Amino acid sequence: MLVGQNIVRREGREKVTGRAQYVDDLQFPDMMYGKTIRSTVAHGTIREIRFDPAYDWSRVVVVDYHDIPAKNVVALIEYDQPLLVEKEVRHQQEPILLLAADDRELLEEAAKHIEILYDELPAVLTVEAALAGKQLVYGENNIFKDILISKGDIEQGFVAADFIVEGTYRTGHQEHIYIETQGVIALPESDGGIKLIGSLQCPYYVHKALKVAFNLPDDKVRVIQSATGGGFGGKEEYPSVLAGHAALLARKAGRPVKMIYSRGEDMAATTKRHPAVIHHKTGVTKEGKLVAAKIDIVLDGGAYCTLSPVVVSRASIHALGPYNCPNVKISARSVATNTPPNGAFRGFGAPQVCFAHEMQMEKIAKTIGMDALELRRRNMLKLSDTTVTGQSLKYSVGSEEVLQAAVEASNFLAKQENYIQQTSDFGPRTTDLGLQTSDKRRGIGLSFFFHGAGFTGSGEMLMKAMAGVELLPTGRVRILTGSTEIGQGTNTIFPQIVAEELGLNLEDVEMEEINTAKVPDSGPTVASRTCMVVGRVLQQAAQELKELLEEFVAGQLRQQPIELRNKEIFSQSKHVMSLAEAAQMYAREKGALQVFRRYESPPGHQWDDKHYLGDAYPVYGWGCDVVEIEVDTTTYEIFVKRVVSAADVGKAINPVLTKGQIEGGTLQALGYGMMEEVIMKNGKMANDRLTNYMLPTCMDAPEMEVILIEKPYPHGPFGAKGVGELPMDGAAPALAAAICNALDIEITELPFTPERLLQAMEFKSSSGTD
């Protein structure tokens with residue numbers, strides 16, 4: 001058995017020894033370097049661009065929007081974002097000009113000799129201003145996408161409630177901070193085509209964007225992924241922008257052009273997690289049953305649409321959380337502001353709403369005098385229950401198991417009782433030696449959550465992802481897929497799945513390079529779909545390849561039945577030839593044996609995109625996090641001591657890689673919760689350095705225990721379902737609950753920095769609740 005084994009990451013040794021070739025390691029003859037000249041106002045029109053006449057511009061290639069051969073757009077969901085500004089600037093750091101030169105020092109010098117004059121216009125910098133509509137950034141009302149989900153009778157639900165609890169919750173931006181910044185190399189081809197090599201998640205996104213901007217057919221655009229140092233969604237749609245810029249420079253210069261962002265430029269200019277304002281109004285009985293939930297969500301999409309419709313879609317469906325409520329009304333909108341566009345980020349809207357629904361559950365429990373864990377148990381979704389969209393949970397529902405496992409492993413109930421009994425004596429203490437010591441208080445908190453795996457609604461049905469396998473004359477098998485390795489283990493788990501299905505050794509299966517000229521469009525490497533969706537397609541392709549080969553050999557030998565087993569061909573248990581001999585025979589007679597399959601939705605899968613009703617996802621992952629913390633009540637620093645995370649993953653193809661995904665996502669979520677704060681000033685990120693944008697390091701990583709629950713998904717490879725985004729959802733609200741438990745305060749906004757905790761304590765003191 002290969003599935004379920006801890007196979008060592010295939011590319012791991014190359015990465016840790018420094019042999020892996022990232023895009024900035026690559027060199028080409030006569031290569032130039034590119035740079036972007038960006039706007040310095042949040043909203044305005046360009047009055048004039050001045051090039052210093054005394055400067056020698058012969059050494060520099062300059063590109064503006066006039067040099068775009070076809071459409072001046074970034075081809076995503078909507079074509080509203082220009083590759084380069086023509087007249088109106090809609091956000092700080094918007095690309096206006098592109099420069100290329102033989103070395104980076106010359107580029108920096110040339111940039112100093114360009115002056116751009118603007119006529120500034122009023123800017124919309126908050127979601128409240130966007131909704132007011134006094135200044136328009138997009139369309140007639142500044143709304144990129146609005147969604148309404150309705151279930152039952154909301155008004156009657158509130159009538160039946162004994163308590164009505166309201167709360168407003170806010171979440172800010174989050175920066176991806178992938179280890180490797182954005183980078184690409186564009187190479188002009190002799191036939192007028194473009195070859196693009198880059199650090200990216202979705203090669204076919206870039207392929208489409210270049211075709212649209214340059215009016216080129218499929219075969220004239222080749223996109224190749226280099227070794228990629230992390231993505232987290234930040235390299236889903238944004239590489240289409242950078243690829244377009246590099247390709248424009250390469251086309252005009254007639255030479256290869258490399259563009260690599262500095263960390264500061266990457267942080268200031270690229271997409272981030274959508275900030276959110278979420279209001280809950282919940283009706284609940286005195287027995288603790290939810291009877292009505294009205295939820296309003298507003299996401300800040302920034303200046304252009306990018307992937308905001310997809311993010312707000314997932315946010316709306318996850319807004320109630322993994323809870324049962326008969327009467328629900330959810331209104332969700334993504335709005336336009338004059339800030340850099342926000343886009344894909346691990347979790348796609350679910351982390352924002354998960355924080356809100358878990359804080360709301362804590363508030364409800366406190367209001368009605370019930371333990372928050374018991375409240376969750378009484379309202380959790382279980383097998384055969386129906387979600388807010390009317391989806392019946394027919395299989396792979398690990399809700400009860402993950403909650404119980406996390407509670408038991410963390411000793412949650414005993415520790416919660418112990419911490420509640422802590423003394424309320426705040427402030428520093430004096431030791432026998434007269435020294436001041438900080439008063440540190442302990443707390444423990446829990447969150448319960450689910451995450452839809454795969455694209456929302458009809459997304460997978462419309463995309464019909466393709467992947468394939470090829471039998472080589474040597475008897476080896478090659479995997480053909482556009483799904484990328486970005487650190488999550490694709491290059492390891494795909495061979496595990498295919499080798500298991502064919503009865504081969506792992507070393508007998510190889511991956512084709514990610515090159516749009518060689519591999520099919522398997523859909524983007526996002527949305528917890530790579531293993532579950534593409535892995536299943538590969539499993540089916542491997543099954544078909546085996547059947548075709550056995551049928552061919554049976555026809556050639558006129559023997560039945562034929563069976564492929566352990567790289568050998570048998571007829572009625574008698575060995576007849578090796579797999580390599582069979583492969584060579586097939587190649588001689590019929591050519592290459594390649595099998596491609598497309599994704600097929602589970603039987604009975606139905607979705608109404610107009611009314612947002614039906615099967616929102618093929619299946620859900622389920623999780624429960626317990627976070628134990630210590631708070632210094634002098635400095636209000638938070639020290640995370642221990643995290644227990646239980647996750648229902650269907651089937652762990654590679655348990656150690658699965659646990660690694662959960663550990664990494666959990667730490668990323670802890671950073672989101674307690675320290676990662678983007679400071680915006682006049683629409684620009686003011687703290688665009690790692691010296692003032694705080695994120696957790698190995699020194700902040702707590703002790704973690706990951707518990708894998710396996711409730712097999714019948715339509716995933718060997719029962720597996722998506723896991724990559726699930727751990728991003730739960731750690732922040734569990735951390736917030738732990739802080740509330742330790743300090744007896746209410747948290748409504750993340751990140752919960754020391755300054756915000758101090759404010760909460762001061763409010764508690766002034767309101768007389770201390």
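Residues numbered from 1 in each chain as written. Predicted model: local features only at pLDDT ≥ 70, side-chain atom pairs only at ≥ 80, totals over all residues. Heavy atoms only, no water.

J.: Would you mind going over the overall build of the protein chain in detail, with residue names and values included?
T.: Helix and strand content of the protein chain: 19 helices and 33 strands. Computed over its C-alpha atoms, the radius of gyration of the protein chain comes to 28 Å, within 12% of the 27 Å expected for a compact globule of 770 residues. With the principal axes as the frame, the protein chain shows a C-alpha extent of 85 × 85 × 60 Å. Burial analysis of the protein chain (770 residues in total) assigns 61% to the buried set. In the protein chain, 80% of the contacts between residues at least 6 apart in sequence involve partners at least 24 apart. When the accessible surface of the protein chain is summed, it comes to about 29,400 Å², and 48% of that surface belongs to carbon and sulfur atoms. (Helix = DSSP H or I, 4+ residues; strand = E, 2+ residues; numbered from the N terminus. Rg over C-alpha atoms; globule rule 2.2 N^0.38 Å. Buried < 20%, exposed > 50% of the residue type's maximum accessible area, 1.4 Å probe, protein only. Contact = heavy atoms within 4.5 Å. Areas by Shrake-Rupley, 256 points an atom, 1.4 Å probe, with all protein chains shown as cover.)

J.: Residue-level account of the confidence of the model for the protein chain, with values.
T.: Here the protein chain averages 96 in pLDDT, and 97% of its residues register 70 or above. Here strand β17 (residues 436-437) is the element of the protein chain with the lowest mean pLDDT, 44, and strand β5 (residues 95-101) is the one with the highest, 99. (pLDDT = per-residue confidence, 0-100.)

J.: Outline the pattern of salt bridges, listing residues and values.
T.: The final tally for this structure, using the stated rule, is 47 salt bridges. In this structure, Glu-628 and Lys-415 form a salt bridge, with 2.9 Å as the shortest nitrogen-oxygen distance. Here Lys-415 lies in helix α12 (residues 412-420) and Glu-628 lies in strand β28 (residues 619-632), a separation of 213 residues in the sequence. Sharing partners across several salt bridges, the network here consists of Glu-470, Arg-476, Arg-478, Glu-510 and Glu-512. (Salt bridge = Lys/Arg side-chain N within 4 Å of Asp/Glu carboxyl O.)

J.: An account of helix α5 (residues 203-214) is requested, with residue identities and associated values reported.
T.: With 12 residues, α5 extends 17 Å between its outermost C-alpha atoms, agreeing within 8% with the 16 Å of an ideal straight helix rising 1.5 Å per residue. Judged by how many residues are buried, α5 sits mostly within the fold: 9 of 12 residues are covered. Listed in full, the buried residues belonging to α5 are Pro-203, Tyr-204, Val-206, His-207, Ala-209, Leu-210, Val-212, Ala-213 and Phe-214. Residues of α5 that are buried sit in contact with β10 (194-198), β11 (221-225) and α6 (238-253). Asn-215 occupies a position one or two residues after α5 and carries a positive phi of about 55 degrees. (Expected span 1.5 Å × (residues − 1).)

J.: Describe the sheet that holds strand β6 (residues 114-120), with residues and values.
T.: Taken in spatial order, the 3 strands of this open sheet run β4-β2-β6, and their pairing is antiparallel. Both outer strands of the open sheet, β4 (88-89) and β6, are each paired with one neighbouring strand and no more. The pairing of strand β2 (residues 44-51) with β6 spans 7 bridges and is antiparallel. In the strand pairing of β6, Ile-49 is matched with Ile-116. (Pairing = 2+ DSSP bridges.)

J.: Could you give an account of the nonpolar core, naming the residues involved and the relevant values?
T.: Ranked by size, the top nonpolar core spans 98 residues in total, and within it Ile-297, Trp-622, Ile-629, Leu-735, Ile-739, Ile-747 and Phe-752 carry the most contacts. Looking at this core element by element, the count peaks at 12 residues for helix α18 (residues 726-743). Ignoring sequence-local partners within four residues, the contact set of Ile-629 consists of Arg-441, Arg-442, Gly-443, Ile-638, Phe-639, Val-640, Lys-641, Leu-735, Ala-738, Ile-739 and Ala-742. Of all hydrophobic cores here, the second largest spans 50 residues; its members include Ile-562, Ile-569, Ala-582 and Ile-653. (Core = buried A, V, L, I, M, F, W, Y, C linked by side-chain atoms within 4.5 Å.)

J.: Give a description of unusual backbone geometry that names residues and reports values.
T.: Residue Pro-561 is reached from Gln-560 by a cis peptide bond, and omega for that bond is -15 degrees. With omega at 5 degrees, the peptide bond leading from Leu-750 into Pro-751 counts as cis. Its place among the elements puts Pro-751 in the loop between β33 (749-750) and α19 (754-766). For Asn-566, which is not glycine, the phi dihedral falls at a positive 55 degrees.

J.: Describe the sheet that holds strand β23 (residues 568-571), with residues and values.
T.: Judged by pairing direction, the sheet is antiparallel, and its 3 strands sit side by side in the order β22-β23-β24 without closing on themselves. The open sheet has two edge strands with one neighbour each: β22 (562-565) and β24 (574-578). Put simply, the sheet's adjacent strands are angled 35 degrees from each other on average, direction ignored. In this structure, β23 lies alongside β24, joined through 4 bridges in antiparallel fashion. Across the sheet, the residue bridging to Ile-569 is Met-577, located in β24. (Axes fitted to C-alpha atoms, helices over the stretch in contact; angles between N-to-C directions.)

J.: Can you lay out the side chain of Glu-725 for me, pointing to particular residues and giving the numbers?
T.: By the element assignment, Glu-725 lies in the loop between β32 (703-709) and α18. Summary of buried charges: Glu-725 has no salt-bridge partner, and the nearest side chain of opposite charge, Arg-314, is 4.6 Å away. Within the structure, the side chain of Glu-725 is placed 2.9 Å from the backbone nitrogen of Gly-347, a separation counted as a polar contact. A distance of 3.1 Å separates a polar atom in the side chain of Glu-725 from a polar atom in the side chain of Ser-528. Once residues within four sequence positions are removed from consideration, Glu-725 is found in contact with Arg-314, Arg-346, Gly-347, Phe-348, His-451, Ala-527 and Ser-528. (Lys, Arg positive; Asp, Glu negative; His and termini not counted. Polar contact = N/O pair within 3.5 Å; in protein donor to acceptor, adjacent residues only side chain to side chain.)

J.: So what's going on with the pairing of strand β20 (residues 477-480)? Residues and values would help.
T.: A regular strand places its side chains on the two faces of the sheet in alternate fashion. As paired strands, strand β19 (residues 466-471) and β20 are joined by 4 bridges and run antiparallel to one another. Counted as the bridge partner of Val-469 is Ile-479 from β20. In this structure, β20 lies alongside strand β21 (residues 509-511), joined through 3 bridges in parallel fashion. By the bridge assignment, Ile-479 is partnered in β21 with Met-511. You can see the chain leave β20, run along helix α14 (residues 490-502) and come back into β21, and the turn it takes is right-handed. (Right-handed = clockwise from strand over helix to strand, strands pointing away.)

J.: Talk me through the environment of Lys-294; I want residue IDs and the actual numbers.
T.: Among the secondary structure elements, Lys-294 is positioned in strand β14 (residues 290-302). For the pair Lys-294 and Glu-155, spaced 139 residues apart in sequence, the C-alpha to C-alpha distance is 9.7 Å.

J.: How would you sum up the packing of helix α17 (residues 655-674) against α18? Please name residues and give values.
T.: Orientation of α17 relative to α18, taken along the N-to-C sense of each, is 45 degrees, at an axis distance of 7 Å. Considered as vectors, α17 and α18 are oriented oblique to each other. Between α17 and α18 the crossing geometry is right-handed. For the pair α17 and α18, the contacting residues are Gln-661, Ile-662, Gly-665, Thr-666, Gln-668, Ala-669, Leu-670, Tyr-672, Gly-673 and Met-674 in the first and Pro-727, Met-728, Ala-731, Ala-732 and Leu-735 in the second. (Parallel < 35°, antiparallel > 145°, perpendicular 65-115°, else oblique. Left-handed = near helix turned anticlockwise from the far one by under 90°.)

J.: Please give an account of the side chain of Asn-687 that cites residues and values.
T.: Checked against the element boundaries, Asn-687 lands in the loop between β31 (684-685) and β32. Asn-687 gets classed as buried once you look at its relative accessible area, which sits at 5%. A polar contact of 2.8 Å, which involves the side chain of Asn-687, links it to the backbone oxygen of Glu-677. Of the polar contacts made by the side chain of Asn-687, one reaches the backbone oxygen of Asn-692; its length is 3.4 Å.

J.: Tell me about the environment of Leu-538, and please be specific about residues and values.
T.: When you line up the elements, Leu-538 lands in helix α15 (residues 530-557). Judged by its relative accessible area of 0%, Leu-538 is buried. For the pair formed by Leu-538 and Lys-464, sequence separation is 74 residues and the distance between their alpha carbons is 13 Å.

J.: Quick rundown of the pairing of strand β15 (residues 328-336)? Include the residues and the values.
T.: Alignment of strand β7 (residues 143-151) against β15, held across 8 bridges, turns out to be antiparallel. Bridge pairing in β15 places Ile-147 opposite Ala-332. Bridging between β14 and β15 involves 9 bridges; their strand directions are parallel. Along β15, the bridge assignment pairs Leu-299 with Ser-334. Taken together, β14, helix α8 (residues 308-318) and β15 form a β-α-β motif whose crossover is right-handed.

J.: Got a sec to walk through the packing of aromatic side chains? Specific residues and values, please.
T.: The geometry of two aromatic rings is summed up by the distance between their centres and the angle between their planes. Taken as a whole and assessed by the stated rule, the structure comprises 14 aromatic pairs. Between the aromatic rings of Tyr-395 and Tyr-713, the centroid separation amounts to 5.7 Å while the plane-to-plane angle is 50 degrees, which identifies the pairing as tilted. In this pair, Tyr-395 is assigned in the loop between α10 (372-379) and α11 (399-410) and Tyr-713 in the loop between β32 and α18, connecting sequence segments 318 residues apart. A residue is classified by how much of its surface remains accessible, and Tyr-395, at 23% relative accessible area, is partly exposed. When its relative accessible area of 1% is taken as the criterion, Tyr-713 is described as buried. Ring geometry for Tyr-617 and Tyr-620: centres 5.6 Å apart, planes at 80 degrees, overall edge-to-face. Each member of the pair, Tyr-617 together with Tyr-620, is buried. Through a chain of ring-to-ring contacts, three or more aromatic side chains come together here, namely Phe-450, Tyr-617, Tyr-620 and Trp-622. The cationic tip of Arg-273 hangs over the ring face of Tyr-672; the distance from NZ or CZ to the ring centre is 5.0 Å. It is Lys-281 that lies over the ring of Phe-158; its NZ or CZ is 4.6 Å from the centre. (Phe/Tyr/Trp six-rings, centres within 6.5 Å; stacked < 30°, edge-to-face > 60°. Lys NZ or Arg CZ within 6 Å of the ring centre and 35° of its normal.)

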